[in-house]
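Geometric and topological summary
So you can see what is in the structure, the chains are spelled out below.
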Amino acid sequence: MTTVRRCTAALAASAVLCVAFAPPAAAGGDRSPAPEPTAGRSPATAPSAMRTDPSSAPAQDSSGTGSAASGTESAAGTGSAASGTDSAAGTGSAVSGTDSAAAGTGSAASGTDSAAAGTGSASAAGAAPGAATIVIPPGLYGDKDPTRDGVWRQSLSMLGQAAAHVRPGDQAVIWLKSQQCASGAFPAFRADPSVPCDEKTAVDTRSTAAAIQALSSLGEQQLPMDHAISWLRSVQNADGGWGQRPGTASDAGSTSLVIGALTAAGVRPSSVRTRNNAPSPEGKHAFDALVRLSIPCGAASGADAGAFAHRPDASGRLTADDGATAAAVLAGVGKRMVTSPVAPGAAPTCANMKGTETDPNADLPPERASRNGASYLAAALATTGHLEARPTAGADDGIRAPSPDFENTAAAVVALTTTGYGDRANIALEWLKQNCGAWAQASGPAAYAQLIFAAHATGTDPRNFGGIDLVQRLNETGPAPKYIAPAPAPGAATGTGPGGAATTATTAAESALGADERGVLWLVGIALVGGVGIGYLLGNRRRTGRA
């Protein structure tokens, strides 16, 4: 009996050690995602595009949504979207979806996070001479002023790590969760989380939605996610959509991003309805608002045909917005920020379906609107391989020439690839590989994350993206990760790009989900065998001593 008890104790101890040192589970949502829509049907969930009001403080965008009709979810358990915000500072952005430095991304001139950023350091980047030094809180990614984009860049960074099978450090998770207000909302940044939020705290839907998706990638975060969703429900507009700030008009970016957050938390966006500013089963939902921002197909729309607008101008006119379009394309087919590739099919086309002369978008299904948007993006990329940022006023009051828009180009790659048009994104993917280095280094963690999204969606190795290890560079901008999955062996990567390796890439991404679990089983088996051996030796030694 003594030997049996010792063997049992050894086995138990081995099992405990095994669990203690096992790698963390792959990132994923806390609830099962909404069912994937079938081809030709309007999906139940979709992602988000963004843009912020010039009057609003933080501007973040991203789109996240459920799973596409023809695609599969990524290892990160999140989908992909892009969008832009209208914040007063900065220019429009795509993948991260912001127009300002607040998005944590953009061109070097936007003054966003630098690649070499660490944590716990002080930085007054972008501040006027003599301005107060900004202290970067421990746990935050990047070394630039987080006032306008702290939660945004933190959320994208954690999602980028999840896509690369990296578990963020506890300090990063604690910082993000500490930003949440008692109402459930997230602001762009709170310097002192111990001070309760009040009416002056600039909470916004994009920071909140991005944080929900990041928390979803961690698992076991349903309580703060539910709390944040409750707040989003409380600020839904009567048309079913969301503006960046509560009370502002619905825009494609914010609406798409909220759609992704709902999906990530296991909530069907079409079930969240409002009527007369109150929840109602007969009210409008997010897809109602999103489709109304789709520019009708046809000669009258010119080059903007099929695109999505940020929102109507004062006269009600819709103007194409690349960031909003990339995000809404993902939203229409049910994708979140991190997505797996889909085998490419026929070229996208633009069609109004059942529209009338006075209302071309009447009865337009979200998926059809999404594919119209894909047609617009494919045409926009065909010439140069990249999208261009809108001209902005220069210091001399002149108009600066258009410049490459890295964020929206990366967002377009994700959108096209995950809607089954990856062959139309090849030219943009190669352009990013050859030209993204300086932009990503100047822009920082959110930019690296956005490029990882594009790599993941196309089956490209993010550790060798045009010779750049995006994963390493992202990890270096924040707290030390808790776990980093081994890099794939040469030749065993996820594929060669969106043109032909979609199925292979998807299989690799799906198999990665179970890699940690298989590793745990092997460790348990080894520990059990070791425990039996130890027990046998102890028992034999005991018998020998008695003899």
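Each remark here, short or long, concerns the structure printed above.
Now for a look at the structure at hand. (Residues numbered from 1 in each chain as written. Predicted model: local features only at pLDDT ≥ 70, side-chain atom pairs only at ≥ 80, totals over all residues. Heavy atoms only, no water.)

1. Concerning empty space enclosed by the protein
Here is the rule we go by: Grid spacing is 1 Å over the protein atoms alone, the probe is 1.4 Å, and a cavity is where that probe fits but cannot get out, while a pocket is an open set with protein on both sides within 12 Å along at least five of seven lines and lining residues have an atom within 4 Å of a point. Grid points are joined across faces, edges and corners, and a volume is the space filled by probe spheres set on the points. Think of it this way: any DSSP run of H or I at least four residues long counts as a helix, any run of E at least two long counts as a strand, and we number them from the N terminus. Gly falls in the polar group here, along with every residue not listed as nonpolar (Ala, Val, Leu, Ile, Met, Phe, Trp, Tyr, Cys, Pro) or charged (Asp, Glu, Lys, Arg).
On inspection of all chains with the given rule, the structure shows two cavities of 30 Å³ or more. As a volume, the second largest cavity reaches approximately 30 Å³. Taken together, Leu290, Val291, Phe308, Ala328, Gly332, Pro366, Ala369 and Ser370 form the lining of the second largest cavity. At the level of elements, helix H7 (286-291), helix H8 (322-332) and helix H9 (366-381) are the ones that each hand at least two residues to the lining of the second largest cavity. Here the lining of the second largest cavity gets three residues from one element, more than from any other, and that element is H9. The class makeup of the residues in the lining of the second largest cavity is six nonpolar, two polar and no charged.

2. Examining the nonpolar core
What counts, and what does not: Residues belong to a common nonpolar core when they are buried Ala, Val, Leu, Ile, Met, Phe, Trp, Tyr or Cys residues joined through side-chain atoms within 4.5 Å. With a 1.4 Å probe rolled over the protein chains alone, any residue whose accessible area is under 20% of its type maximum counts as buried; one over 50% counts as exposed, and the rest are partly exposed. By definition in these notes, contact holds between two residues if any of their heavy atoms fall within 4.5 Å.
Of all hydrophobic cores here, the largest spans 100 residues; its most connected members are Leu176, Leu377 and Leu451. The element contributing the most residues to this core is helix H12 (residues 445-458), with ten residues. Those residues in contact with Leu451 that sit more than four places away from it in its chain are Ala410, Leu432, Cys436, Trp439, Ala440, Phe465 and Leu470.

3. Some words on helix H2 (residues 150-163)
Threshold: To estimate how far a helix should extend, the number of its residues minus one is multiplied by 1.5 Å.
With 14 residues, H2 extends 20 Å from end C-alpha to end C-alpha; this agrees with the ideal 20 Å at 1.5 Å per step. One or two residues past the end of H2 sits His165, with phi positive at roughly 60°.

4. Looking at the pattern of salt bridges
Close approach of charged atoms allows side chains with opposite charge to pair. Rules: What makes a salt bridge here is a side-chain nitrogen of Lys or Arg within 4 Å of a carboxyl oxygen of Asp or Glu, nothing more.
Applying the stated rule across the entire model yields five salt bridges. Note that Asp251 and Arg206 form a salt bridge whose closest N and O atoms lie 2.4 Å from each other. With a gap of 45 residues between them, Asp251 in the loop between helix H5 (222-234) and helix H6 (252-264) and Arg206 in helix H4 (residues 205-216) connect regions that are remote in the sequence. Given the relative accessible area of 0%, Arg206 is considered buried. Between Arg371 and Glu367 there is a salt bridge, with its nearest N and O atoms 3.0 Å apart. Of this pair, Arg371 and Glu367 are both found in helix H9, four residues apart, which corresponds to roughly one turn of the helix. Each member of the pair, Arg371 as well as Glu367, carries the same accessibility label: buried.

5. Here we look at the packing of H4 against H6
This is how it is decided: All axes here are fitted lines through C-alpha atoms, helices being fitted over the stretch that makes contact, and every angle between N-to-C directions spans 0 to 180 degrees. Orientation is classified from the angle alone, with under 35 degrees giving roughly parallel, over 145 giving roughly antiparallel, 65 to 115 giving roughly perpendicular, and any other angle giving oblique. In this scheme, a crossing is called left-handed if the near helix is turned counterclockwise away from the far one by less than a right angle; it is called right-handed if the turn is clockwise.
One way to put it is that H4 packs onto H6 with a least axis distance of 8 Å and a crossing angle of 30°. One element, H4, and the other, H6, form an angle in the roughly parallel class. Crossing geometry of H4 relative to H6 is assigned as left-handed. Only Gly253, Ser254, Leu257, Val258, Gly260, Ala261 and Ala264 of H6 make contact with H4, whose side of the interface consists of Thr205, Arg206, Ala209, Ala210, Ile212, Gln213 and Ser216. Of the residues contributing to the contact of H4 with H6, the split by class is seven nonpolar, six polar and one charged.

6. What to know about the state of the cysteines
Spelled out, the test is: Here, a disulfide means two cysteine sulfur atoms that sit within 2.5 Å of each other.
In total, this model carries two disulfides according to the counting rule given. A disulfide bridge connects Cys297 with Cys350, and the sulfur atoms are separated by 1.8 Å. Disulfide Cys297 to Cys350: torsion about the S-S bond roughly -85°, handedness left-handed. With a gap of 53 residues between them, Cys297 in the loop between H7 and H8 and Cys350 in the loop between H8 and H9 connect regions that are remote in the sequence. Taking relative accessible area as the criterion, Cys350 reaches 29% and is therefore assigned partly exposed. Along the chain, the cysteines engaged in disulfide bonds are linked according to the scheme 1-2, 3-4 when indexed in sequence order.

7. What about helix H3 (residues 170-178)?
Spelled out, the test is: Throughout, the arc means that of the directions going from the helix axis to the C-beta atoms.
Among all positions of H3, only Ala172, Val173, Trp175 and Leu176 are buried. Angularly, the buried residues of H3 cover 160° about the axis, an arc narrow enough to put them on a single face. Where H3 is buried, its residues meet H2 and H4.

8. Topic: the packing of aromatic side chains
Spelled out, the test is: Ring pairs shown here join Phe, Tyr and Trp side chains whose ring centres sit within 6.5 Å, with only the six-membered ring taken for Trp; geometry is labelled stacked below 30 degrees between planes, edge-to-face above 60, and tilted in between.
One pass over the full model with this rule turns up three aromatic pairs. Aromatic side chains Trp175 and Phe189 sit 6.2 Å apart centroid to centroid with 25° between the ring planes, which places their arrangement in the stacked category. Placement of the pair is Trp175 in helix H3 and Phe189 in the loop between H3 and H4, with a sequence separation of 14 residues. Pair check on accessibility: Trp175 and Phe189 agree, each one buried. Ring centres of Phe406 and Trp439 lie 5.3 Å apart, and the angle between their planes is 10°; this geometry places the pair in the stacked category. Of the two residues, Phe406 sits in helix H10 (residues 406-418) while Trp439 sits in helix H11 (residues 426-443), which places them 33 residues apart along the sequence. We classify Phe406 as buried; its relative accessible area is 14%. Among the residues examined, Trp439 registers a relative accessible area of 6% and is labelled buried. Put simply, the rings of Phe406, Trp431 and Trp439 touch in pairs and so form one group of aromatic residues.

9. Comments concerning the environment of Ala307
Topologically, Ala307 is positioned in the loop between H7 and H8. Residues in contact with Ala307, not counting those within four places in the same chain, are Leu293, Ser294, Ile295, Ala320, Thr325 and Tyr376.

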